[in-house]
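Examining the three-dimensional arrangement
Each chain is listed here by its residues.
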Amino acid sequence: MIIENETMVTEAVIEAVSRVEDPRMREILLTLVRHLHGFVREVRLTEPEFGEAVRLIAALGQKTTASHNEVMLMAGSLGVSPLVCLLNNGNHGESETQANMLGPFWRDDQPAFASGDTLVRSPTPGPQLFVSVSLEDASGRPVAGAEVDVWHSSPEGLYENQDASQAEMNLRGRFVSGEDGRFNFRSVKPAGYPIPVDGPVGDLVRATRRHHFRPAHLHFMVYKPGLKTLISQVYSPDDPNIDSDVQFGVTRALIGNYVRHDTPSAEHGFAAPWYSLDQRFVLEAGEARRPIAPIRGKVTAEASEGQ
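Everything numeric here is computed off the predicted structure, so don't read it as measured data.

Describing the nonpolar core
With 26 residues, the main nonpolar core has Val131, Val133, Leu135, Phe185 and Phe220 as its most contacted residues. Contributions of two or more residues to this core are made by strand S1 (128-137), strand S2 (147-151), strand S4 (182-188), strand S7 (217-223), strand S8 (230-235) and strand S10 (274-283). In contact with leucine 135, other than residues within four places in its own chain, are Arg141, Pro142, Val143, Ala146, Val148, Ser177, Gly181, Val222 and Phe281. The next biggest cluster of nonpolar side chains, apart from the first, holds 16 residues, and it includes Trp106, Tyr159, Tyr193 and Val205.

Below is the structure:
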């Protein structure tokens, strides 16, 4: 097709994309082209603005490394990650769900732990935390043999992959639920933290005049064949940014009951104050799959000092 006007550009691209054989891929691409071209027309995108958009997209890739995923961070900062999550869980967005976005910091090689173990692998100051987890299916039956990944930031607000001073895999672990569908672990209470703002995501956050903090939370991912993989975050209600998460991730169903204890625990060996969390997850029937990990390693000492 020889292009004669701006309308024909869209027609030509749609005609080309219509040849894609895979039905779902064809549907996605056709819709993408219509919306993308419609966006350009609606805002009357200028040539300098188009150039800046290309630079921004390139910068997302250039900023992404083995220990940091700027693209995933941008998806959350635009609300895309939580929207995709809510549309695909809880009866396809029709009901409340315990699912939440994966985030940019999960590693797929987390170490195996036994119930009762601690996630702390290097000195990590902060209030100690005891977490008891129970897993059930939709009928209330215990889910045994599920693999559960747990990960969280330090009380200083850094995941171990961001912080060369933390031991490899500090505050990360993989557990297996027992016959009663339960397991527990010890750690330190996570803190809210600032997302990295030295790249394109920072430009966006500053433009919107928002703070760049996430409220404190624990990450969970529950995997067992025959049940839909549950990716979740459990938020601490005492965090000052609980209602203004820069990644738009906090839902009512995922505000956990972190209980403060002001007397020492001989059972757990905790000094006061310490916290406990009893968390129950209900799993849906569906496909069990592990996502592609957004990061693959740990930041170097030199890079960590430059953050």
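Moving on, there is more to tell.
Structural notes on the sheet that holds S1
Taken in spatial order, the 4 strands make up an open sheet running S4-S1-S10-S9, and their pairing is mixed. Bordering the open sheet on either side are S4 and strand S9 (259-261), each of which pairs with just one other strand. Strand after strand, the sheet turns through a mean of 20 degrees between neighbouring axes, direction not considered. Pairing geometry for S1 and S10, over 10 bridges, is parallel. Bridge pairing links leucine 135 to phenylalanine 281 in S10.

Description of the side chain of histidine 268
Tracing the chain through its elements places histidine 268 in the loop between S9 and S10. Those residues within four positions of histidine 268 in sequence are excluded, and the remaining contacts are Phe130, Arg186 and Trp274.

Some thoughts on the pattern of salt bridges
The final tally for this structure, using the stated rule, is 18 salt bridges. Here glutamate 147 makes a salt bridge to arginine 290, at a shortest N to O gap of 2.1 Å. In this pair, glutamate 147 sits in strand S2 while arginine 290 sits in the loop between S10 and helix H8 (301-305), placing the two residues 143 residues apart along the sequence. The structure contains a network of salt bridges with shared partners spanning Arg107, Asp109, Glu160, Glu168, Arg172 and Lys298.

Looking at the packing of helix H1 (residues 6-17) against helix H2 (residues 23-43)
Packing of H1 against H2 leaves a shortest axis separation of 9 Å and a crossing angle of 170 degrees. Classified by the angle between their axes, H1 and H2 sit roughly antiparallel to one another. For the pair formed by H1 and H2, the contact residues are Glu6, Thr7, Val9, Thr10, Val13, Ile14 and Val17 on the first element and Arg26, Leu29, Leu30, Val33, Arg34, His37 and Arg41 on the second. Residues that form the contact of H1 with H2 fall into these classes: 7 nonpolar, 3 polar and 4 charged.

Some remarks on the side chain of asparagine 89
Within the secondary structure, asparagine 89 sits in the loop between helix H5 (80-88) and helix H6 (90-93). Of the polar contacts made by the side chain of asparagine 89, one reaches the backbone oxygen of cysteine 85; its length is 2.8 Å. Leave out the neighbours within four places in its chain, and asparagine 89 touches Thr97, Ala99, Lys228 and Glu284.

A short note on the packing of aromatic side chains
Tallied over the entire structure, the rule returns 10 aromatic pairs. Taking the centre distance of 4.4 Å and the plane angle of 25 degrees together, the rings of phenylalanine 105 and tyrosine 159 count as stacked. Of this pair, phenylalanine 105 sits in the loop between H6 and S1 while tyrosine 159 is found in the loop between S2 and strand S3 (172-176), placing the two residues 54 residues apart along the sequence. Of the two residues, phenylalanine 105 and tyrosine 159, both sit in the buried class. Here the aromatic rings of phenylalanine 185 and phenylalanine 220 are separated by 6.5 Å at their centres, their planes lie at 55 degrees, and the arrangement is tilted.

The rules behind the values
Residues numbered from 1 in each chain as written. Predicted model: local features only at pLDDT ≥ 70, side-chain atom pairs only at ≥ 80, totals over all residues. Heavy atoms only, no water. Core = buried A, V, L, I, M, F, W, Y, C linked by side-chain atoms within 4.5 Å. Buried < 20%, exposed > 50% of the residue type's maximum accessible area, 1.4 Å probe, protein only. Helix = DSSP H or I, 4+ residues; strand = E, 2+ residues; numbered from the N terminus. Contact = heavy atoms within 4.5 Å. Pairing = 2+ DSSP bridges. Axes fitted to C-alpha atoms, helices over the stretch in contact; angles between N-to-C directions. Salt bridge = Lys/Arg side-chain N within 4 Å of Asp/Glu carboxyl O. Parallel < 35°, antiparallel > 145°, perpendicular 65-115°, else oblique. Nonpolar A, V, L, I, M, F, W, Y, C, P; charged D, E, K, R; others polar. Polar contact = N/O pair within 3.5 Å; in protein donor to acceptor, adjacent residues only side chain to side chain. Phe/Tyr/Trp six-rings, centres within 6.5 Å; stacked < 30°, edge-to-face > 60°.

So yeah, pure geometry; function would need other evidence.
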